[in-house]
Amino acid sequence: MRESAERLLLKAGLRPTSQRLGLAAVLFDGHDKHVTADDVMHLASNAGVDVSVATVYNTLGQLCAAGLLRRVTLDGGRTFFDTNISAHHHVFFEDDDRLMDLPGDSIQVTGLPDLGDGATIKSVDILVRVERR
């Protein structure tokens with residue numbers, strides 16, 4: 001797992017420090033996931049990766065900047081990090097604080113305005129909020 005994490009980091013232009021390698025190994029284990037920084041701390045701890053909270057936040061930011069993670073920010077600033085970087089949307093289950101992927105082609109968006117000044121729309125992110133009663 002660490003070898004594939006090292007290749008991933010190098011390909012993204014990130015130096016494969018031991019902390020980055022450990023975090024990349026728990027994040028990119030072949031399963032898509034939506035995690036908070038706290039979740040990453042727990043995953044790292046369970047995997048025996050010794051990192052500080054600051055290192056987790058810094059590394060998550062670096063992985064986002066490198067295009068390896070997608071940041072999903074909810075109201076109030078709560079942030080999830082998504083290992084699935086393909087074009088897709090999300091459902092947020094408010095009752096259990098859980099995100100689920102929706103395929104990008106499952107929702108059609110029409111009528112987007114012309115923004116002028118040479119601006120082009122990079123992406124449209126839709127978050128569907130659900131509660132169970």
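Here's what I pulled together on the structure shown here. Just so it is clear, the model here is predicted, and its values are computed rather than measured.

Topic: the sheet that holds strand β6 (residues 127–130)
Move 1: Ordered in space as β5-β4-β6, the 3 strands form an open sheet in which the pairing is mixed. The open sheet has two edge strands, β5 (98–103) and β6, and neither has a second partner. Pairwise comparison of adjacent strand axes, ignoring direction, gives a mean angle of 25° for this sheet.
Move 2: Two strands pair when backbone bridges link them, and strand β4 (residues 88–93) and β5 are joined in this way by 6 bridges, in the antiparallel orientation. Bridging from a neighbouring strand, His-90 pairs with Asp-101 of β5.

Looking at the pattern of salt bridges
Move 1: Per the counting criterion, the structure on display carries 6 salt bridges.
Move 2: For Asp-125, the salt bridge is made with Arg-70, and the minimal N-O distance between the two is 2.6 Å. Of the two residues, Asp-125 is situated in the loop between β5 and β6 and Arg-70 in strand β2 (residues 70–73); the sequence distance between them amounts to 55 residues.
Move 3: Using a relative accessible area of 53% as the deciding quantity, one classes Asp-125 as exposed.

Quick notes on helix α3 (residues 37–46)
Move 1: Among the residues of α3, those classed as buried are Ala-37, Val-40 and Ala-44. One side of α3 holds all its buried residues, which, seen down the axis, span an arc of 55°. Seen from the open side of α3, the exposed residues pointing more than 90 degrees away from its buried face are Asp-38, His-42, Ser-45 and Asn-46.
Move 2: Packing partners of the buried residues in α3 comprise α2 (18–27), β1 (34–35), α4 (53–65) and β3 (79–82).
Move 3: Looking one or two places after α3, you find Gly-48, whose phi comes out positive at around 80°.

With respect to the packing of aromatic side chains
Move 1: All chains considered together, the criterion is met by 1 aromatic pair.
Move 2: The lysine or arginine in question, Arg-98, covers the ring of Phe-93, its NZ or CZ lying 4.1 Å from the ring centre.

Section: the packing of α3 against α4
For any two helices packed against each other, the geometry is given by the interaxial angle and the distance between the axes.
Move 1: The contact between α3 and α4 brings their axes to 10 Å, and the two run at 115°. In this structure, the crossing between α3 and α4 has a hand that is right-handed. Contact residues: α3 offers Ala-37, Val-40 and Met-41, while α4 offers Val-53, Val-56, Tyr-57 and Leu-60.
Move 2: Classifying every residue of the contact of α3 with α4 by side-chain character gives 7 nonpolar, no polar and no charged.

Some details on the environment of Val-109
Move 1: Checked against the element boundaries, Val-109 lands in the loop between β5 and β6.
Move 2: Residue Val-109 is classed as partly exposed on the basis of its relative accessible area, which comes to 35%.
Move 3: Residues Val-109 and Asp-39, spaced 70 residues apart in sequence, show a C-alpha to C-alpha distance of 32 Å.
Move 4: Setting aside residues up to four positions removed in sequence, Val-109 forms contacts with Val-124 and Ile-126.

Criteria and cut-off values
Residues take numbers from 1 onward in each chain, read along the sequence in its written order. Selection of residues for local features in this predicted model requires a pLDDT of at least 70, selection of side-chain atom pairs for listing and counting requires 80 or more, and totals for whole chains, interfaces and linings are taken over all residues. The side-chain quantities take in all heavy atoms of the structure and omit both hydrogens and water. Here a strand pair is declared whenever DSSP counts at least two bridges between the two strands. Secondary structure is summarised from DSSP: a helix means a run of H or I of at least four residues, a strand means a run of E of at least two, and numbering begins at the N terminus for each. A fitted line through C-alpha atoms serves as each axis, taken over the contacting stretch for helices, and the angle formed by two N-to-C directions is quoted from 0 to 180°. We count a salt bridge whenever a side-chain nitrogen from Lys or Arg sits within 4 Å of a carboxyl oxygen from Asp or Glu. Burial classes follow relative accessibility: with a 1.4 Å probe on protein chains only, a residue under 20% of its type's maximum area counts as buried, one over 50% as exposed, and anything between as partly exposed. Throughout, the arc means the angular range of directions from the helix axis out to the C-beta atoms. Between two residues, a contact is recorded if the distance between any of their heavy atoms is within 4.5 Å. Each Phe, Tyr or Trp ring (for Trp, its six-membered ring) is paired with any other whose centre lies within 6.5 Å, and the angle between the two planes then decides the class: stacked below 30 degrees, edge-to-face above 60, tilted in between. Definition used: whenever NZ (Lys) or CZ (Arg) falls within 6 Å of the ring centre and also within 35 degrees of the ring normal, the charge is taken to sit over that ring. Throughout, a crossing is termed right-handed when the near helix is turned clockwise from the far one, and left-handed when it is turned anticlockwise from it by less than a right angle. Just so you know the grouping, Ala, Val, Leu, Ile, Met, Phe, Trp, Tyr, Cys and Pro go in nonpolar, Asp, Glu, Lys and Arg go in charged, and all remaining residues, Gly too, go in polar.

Just geometry here; none of it tells us what the structure is for.
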